[in-house]
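Overview (structure and organization)
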Amino acid sequence: MADPAHPSIHPNVFTIPAHRAFADALAAGLIRTFGDGPTGLARGTILVPRSRAVRAIQDAFVRLAGGGLLMPRLVPIGDPEIDETLGNALDPMGAAEPVPAAIDPLERTMRLANLVQQVRAAQGAPVEAGEALRLARDLGAALDQLHIEEIAPRDLIEAIPGDLQEHWQSSLDQLEIILSKWPAELQKIGRIDLAERRNILLNRVADRWRDNPPDHFVVAAGISTTAPAVAAVLRSVSRLENGMVVLSALDIDMPDEEWNALGPFEPDPQTGHRRRSIETHPQYALKLLLDRMGVARSEVRRWRWGGGHDAPAVRTRAISNAMAPAAFTGKWNALAPRERRLTGVRALECATSSEEAQVIALVLRETIEEPGRTAALVTPDRMLARRVSAHLRRWGIMADDSAGRPLSELPSGTLLLALAEAAAERFAPVPLLALLKHPLVRFGEGRAEWLSAVRRLDLLLRGPRPRPGLAAVTAHIADRLADAREGKRGQIAETLDWWKSVVAQLEPLEQAASRQGDIPSLVAAIRETASLLTDQAVWAGPNGRPAAEFVAQLEERGAHGPATVGMAELPEILRQLMAAIPVYPPQGGHPRIHIWGLLEARLQQTDLMVLGGLSEGVWPGLPSPDPWLAPKVRADLGLPGLEHRIGLAAHDLSAALGGQRVLVTRSRRDAGAPAVASRFWLRLEAMTGGMTRWPQLKAWAKAIDRPEVVRPAERPAPAPPVADRPRRISVTDVDRLKADPFALYAKAMLRLSSLDAVDSDPSPAWRGSAVHDVLEAWFKEDNCDPDKLVARAERLLDDHDAHPLMRAMWRPRLIAPIEWIAERVREDRAAGRTPIAAECDGVIDVPNIELKGKADRIDREADGNLAIVDYKTGQPPKTKAVEAGYAMQLGLLGMLADRGAFRGVEGISAAFEYWSLAKMGDSFGYVRTPFRKGADMTPDNFVAHAEATFREAADHWLTGEAPFTAKLHPEYAPYADYDQLMRLEEWYGRGGGEGDNG
């Protein structure tokens, strides 16, 4: 349509179709149109969407120009300092009133968070600083949208309906208060919002060029932003005598019926309701932009130049058909084959995201085998991008993800988070060790020595958590030193001295964490500690410099945020803020392989375009929720809906599908669950009747890691010389020797033992040891007085360092069976049975073997015989296992007792009992014997049977030459301490071995 102000001027608007490489086609056309002489282009200005597009178009000019070339001025339309970027092109603007500077983004977030916290507190719904920050970030996004759409706050207030649900009404009430206070906050500091400043500058540009056209050409290229201020600039450019607006992939062949169905629509004159636009369509944003420019689609002309890397023109028509609005997809049934054919586009569906990454890396490498060919992966899935980059490095190809990575995921950022988390958790073992092992700590020559000390500390902190604080860790190490054997004391003492030097560096951070403060003071403590621990290395390198800038800004701007912040809230605050700071890789990656996000890929194409991650929730991503503006309010105001980004993702896909060669990929399963195919994938499949596959790729990817000869691991069965075999064994290891000889070999000969987890909950083994300690002290110090046992157990719980919740859960499971033991001992004493020994060690010589054991308790019965008691915190062994020759511990202890191995204990063992502290029925605690009625094994022959079983096993493996076969009888080898060492999963279940029941 003609411009009402200038009826004789028709808009000069073009579109480069999807099947043409935008940057190359644009450069080719501009060179032919304005490149008359070496300085012809240099006099012009090209407005582009963002900084990344500047580089793409510069590269296109270089490729096409051949010789020397003076390029036009390239200006990102979203530049907040566009008045300075355009330079002398807008000198007359200087006569206008100066535009106030924009508020710093971090300061803005902090001030909004402070306002949110104040308003929520006044309304009786206070929030912590971390939540206030999250709400402030969403609030900032809502304010930006209001500014971008040039909607005044009063319009928002008037648009609030009275029939909203309660939670939305509450949010809008808070928003109303903030909107009334925020302008005053900005006026106080003499700043304005960045989006408002950009609007003012863009409107001045539009007015200036409308009233005083420049004497050089101006081209707006690839801009799809629908903001009214941007549309005003494009409107002015399109009416310039030497102006052009060049859009990307506008569908000028789309049937009018479909085009008009996209919206936006005027409100109904009677009801006031606005018909819902199809914002998820790839053409919706461009249609809205044309409407705001005052340009009809029929006035848009096709760009007639190509860049030499174009796909067939039919590709654009097929893409348009595939993206038809849902109400018009019925036309697919009547389409001619060439109208639905995506020649040059192939698809690949992989089983997992890992396989997808490997396939993509392989096809990228295959493409650059041909000299001069280029390839790019385009995906919004950053994990997929990182995996592909890692796979490419196996061939020495460095392909950086140009979309960048959040500072929170990079070494300098993770160190700041590690410091905050360690301080917030009062230096609990897990966050403390994560901090001390961080790759930047003691970076440099002393790193190896530092790590050796940290590993020794790691071993000392295994098991249940010590009490919180640095002093408690010091006391814990000192306790371990006091309890250590002579051979270990020197190493632990050395670790203690080293740890005290570490404490001196961490104490200022602990002191800062111990009191409520403000963000700057807490961040300053983290900064100082980070500098000390890393000798300033945390601030160096490609991610160190952004971290230094972030910390400096946070110390300066954080004072405007929430007034009171605890260290427990700081990790979440840092994580939120650093996640929004992208760090881009330094240049130097492979020149012909690119990995782009959706923003980076706009206006760019390569010889092969791989579009990866086409699963729902990835491409397109899930709409981000808005906690401030209800959908109805957004619709009434004319703001973009929450799903408008789906339309942008659809347009990105449409443009990328126009490449010469395209591979579209997805995985049926992501890291944790089945993945649903993207709606775009399903459209392409339905319209084409099934995209052409590339099955060879998966075969090639599998062949890479498939060895020519498969040599599976065999079941280990070491057979050391008889002279080297153990000559000393515990009664508790006899079962291990018989059921899993390899486990005994690993423990006794290789001297390997499993480690407790760091900061672990009390394990069954640990609880068992603690109970044994209580019962031993009860015997030795309280003479088994039933009235003193429960009090001793209570002291154990009170002195234990476990988490209070864990102690509360464990207390009833300990006290109830302890009360049962006390009552049972009281009854036994009344019947003439008396405990005479507890936790006593004994050793006897069986020919060529020493057998040792520790008896939990030995009682003297009324008839003078001995009763062997074994405490179990869990279930005792099954009688079936005893009859099979396993679980002989009680019988072997009886053998030691019969032979006088326990000091001060004389007599014949005649009773064998398991005292279980587990639950049976409704109560805790019961006694079980390893015999059943009518069986051949009885208390009278139990010791003899145990001795015969032991002698047979000893003759076989200890004094004989039998190999120590792994998992010989797995049904009696439940422990998995050495399963990884024996590579169990590589051979178990294949058959071919005695006892193999796989």
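The structure contained in this document is the topic of the report that follows. (Residues numbered from 1 in each chain as written. Predicted model: local features only at pLDDT ≥ 70, side-chain atom pairs only at ≥ 80, totals over all residues. Heavy atoms only, no water.)

**A closer look at the overall build of the chain**
The condition that has to hold: For helices the rule is a DSSP run of H or I covering at least 4 residues; for strands it is a run of E covering at least 2, with both sets numbered from the N terminus onward. Based on C-alpha atoms, the radius of gyration is set beside the globule rule, defined as 2.2 Å times the residue count to the power 0.38. In this scheme, a residue with accessible area under 20% of its type's maximum is buried, one over 50% is exposed, and one in between is partly exposed, where area comes from a 1.4 Å probe on protein chains only. Any two residues whose heavy atoms approach within 4.5 Å at even a single point are treated as in contact. Computed with the Shrake-Rupley method and a 1.4 Å probe, the accessible areas treat only the protein chains shown as cover for residues. In this tally, Asp and Glu contribute negative charge and Lys and Arg positive charge; neither His nor the terminal groups of the chain are included. Here the site of a charge means NZ on Lys, CZ on Arg, CG on Asp, or CD on Glu.
Across its full length, the chain holds 37 helices and 20 strands. The C-alpha atoms of the chain give 38 Å as radius of gyration, which overshoots the globular expectation for 998 residues (30 Å, by more than 25%). Each of the three principal axes of the chain carries a C-alpha extent, and together these read 125 × 65 × 65 Å. Taking all 998 residues of the chain together, the buried fraction comes to 51%. Counted over contacts in the chain with a minimum sequence separation of 6, partners at least 24 positions apart contribute 77%. Entry remark: accessible area of the chain is about 45600 Å², with carbon and sulfur atoms responsible for 50%. Separation between the mean location of the 120 positive side-chain charges and that of the 133 negative ones in the chain comes to 4 Å.

**Some details on the packing of helix H16 (residues 411-424) against helix H23 (residues 570-579)**
To be explicit about the condition: Axis definition: a line fitted to C-alpha atoms, limited for helices to the stretch in contact. Angles are taken between N-to-C directions and run from 0 to 180 degrees. Under this scheme an angle from 65 to 115 degrees is roughly perpendicular, one under 35 degrees roughly parallel, and one over 145 degrees roughly antiparallel; angles in between are oblique. Throughout, a crossing is termed right-handed when the near helix is turned clockwise from the far one, and left-handed when it is turned anticlockwise from it by less than a right angle. Side-chain classes are defined by residue name, with Ala, Val, Leu, Ile, Met, Phe, Trp, Tyr, Cys and Pro counting as nonpolar, Asp, Glu, Lys and Arg as charged, and the others, Gly among them, as polar.
Remark: H16 packs on H23, axes separated minimally by 9 Å, with the N-to-C direction vectors making an angle of 165°. With respect to H23, the axis of H16 lies roughly antiparallel. Seen from above, H16 lies across H23 with left-handed handedness. For the pair H16 and H23, the contacting residues are Gly413, Leu416, Leu417, Ala420, Glu421 and Ala424 in the first and Pro571, Leu574, Arg575 and Met578 in the second. For the contact of H16 with H23, the residue count by class is seven nonpolar, one polar and two charged.

**Here's the deal with the pairing of strand E1 (residues 13-16)**
Applied cut-off: Pairs of strands are assigned from DSSP output, requiring at least two bridges between the strands.
Every second residue of E1 is oriented toward a common face, with Val13 and Thr15 on one face and Phe14 and Ile16 on the other, all of them buried. Pairing of E1 with strand E5 (residues 243-248) involves four bridges; the strand directions are parallel. Across the sheet, Phe14 pairs through a bridge with Val246, a residue of E5. In terms of strand pairing, E1 meets strand E6 (residues 301-302) through two bridges, oriented parallel. Residue pairing for E6: Phe14 is matched across the bridge by Arg301.

**Section: the nonpolar core**
We apply this condition: Among the buried residues, those of types Ala, Val, Leu, Ile, Met, Phe, Trp, Tyr and Cys that are joined through side-chain atoms within 4.5 Å form a nonpolar core.
Grouped together as the largest cluster of nonpolar side chains are 92 residues, with contacts concentrated most on Leu436, Trp498, Trp499, Leu554, Leu574 and Leu629. Setting aside chain neighbours within four positions, we find Leu436 in contact with Val441, Arg447, Trp450, Val454, Leu457, Trp498, Trp499 and Val502. Among the nonpolar cores identified, the runner-up in size contains 51 residues, and Val846, Val882, Ala897 and Leu984 belong to it.

**Structural notes on the sheet that holds strand E8 (residues 375-378)**
Sheet strands associate in pairs through backbone hydrogen bonding, adopting either a parallel or an antiparallel arrangement. Pairing within the open sheet is parallel, and its six strands lie in the order E11-E8-E12-E13-E7-E14. Looking at which strands have only one partner, the edges of the open sheet turn out to be strand E11 (593-596) and strand E14 (692-693). Sitting on the sheet, helix H15 (residues 382-393) touches E8 and E11, and the angle it makes with E11 is about 160°.

**Quick look at the sheet that holds strand E3 (residues 73-76)**
Across the sheet, six strands lie side by side as E3-E2-E4-E5-E1-E6; this open sheet has parallel pairing. Edge strands, defined here as strands with exactly one partner in the open sheet, are E3 and E6. For strand E2 (residues 45-48) and E3, the ladder comprises four bridges, and the chain directions are parallel. Following the sheet pairing, Thr45 is matched in E3 by Arg73. Of the strands in this sheet, E2 and E3 touch helix H2 (residues 51-65), which is tilted by about 155° from E3.

**Structural notes on helix H14 (residues 353-367)**
For clarity, the cut-off: Every helix has an expected span of 1.5 Å times one less than the residues it contains.
When the terminal C-alpha atoms of H14 are compared, their 21 Å separation across 15 residues agrees well with the 21 Å that a helix rising 1.5 Å per residue should span. Of all 15 residues making up H14, twelve are buried, and the element is well covered by its neighbours. The complete set of buried residues in H14 reads Ser353, Glu355, Glu356, Ala357, Gln358, Val359, Ile360, Ala361, Leu362, Val363, Leu364 and Thr367.

**Observations regarding unusual backbone geometry**
Most peptide bonds adopt trans geometry, and most residues besides glycine take a negative phi value. With an omega of -5°, the peptide bond between Gly263 and Pro264 qualifies as cis. Within the secondary structure layout, Pro264 lies in the loop between helix H10 (256-261) and helix H11 (284-293). Look at the link from Trp619 to Pro620: it is a cis peptide, with omega at 10°. Residue position: Pro620 is located in the loop between strand E12 (608-611) and helix H25 (631-637). The residue Ala887 is not glycine, and still its phi comes out positive at about 55°. One can find Ala887 in the loop between helix H34 (879-883) and helix H35 (889-898). Phi at Arg983 takes a positive value of approximately 55°, unusual for a residue other than glycine. Relative to the helices and strands, Arg983 resides in the loop between helix H36 (942-958) and helix H37 (984-987).

**Things to note about the packing of aromatic side chains**
Just so we agree on the cut-off: The criterion for an aromatic pair is that two Phe, Tyr or Trp rings (for Trp, the six-membered ring) have centres within 6.5 Å, with stacked assigned to planes under 30 degrees apart, edge-to-face to planes over 60 apart and tilted to the rest. Criterion for a charge above a ring: Arg CZ or Lys NZ at most 6 Å from the ring centre, at most 35 degrees from the ring normal.
This model, assessed by the stated rule, comprises 13 aromatic pairs. For the ring pair Trp303 and Trp305, a centre distance of 4.9 Å and an interplane angle of 65° mean the geometry is edge-to-face. What makes Trp305 buried here is its relative accessible area of 14%. The interplanar angle of 90° and the centroid separation of 5.0 Å between the aromatic rings of Phe931 and Phe942 together place this pair among those described as edge-to-face. With Phe931 in the loop between strand E20 (923-928) and H36 and Phe942 in helix H36, the pair connects residues that are eleven residues apart, well separated along the chain. A relative accessible area of 16% places Phe931 in the buried class. The ring of Trp694 is capped by Arg346, whose NZ or CZ atom sits 3.8 Å from the centre of that ring.

**Digging into a nonpolar patch on the surface**
Note the threshold: To count toward a patch, a residue needs a relative accessible area over 30% and no salt bridge; like charges are then connected within 9 Å, while nonpolar side chains (Val, Leu, Ile, Met, Phe, Trp, Tyr) are connected within 5 Å. Salt bridges are defined by distance alone: a side-chain nitrogen of Lys or Arg within 4 Å of a carboxyl oxygen of Asp or Glu.
A grouping of Leu750, Leu752 and Leu981 is seen on the molecular surface, where their side chains present a nonpolar patch of about 230 Å² in accessible area. If you trace the backbone, Leu981 turns up in the loop between H36 and H37. Residue classification places Leu981 among the partly exposed residues on the basis of a relative accessible area of 40%.

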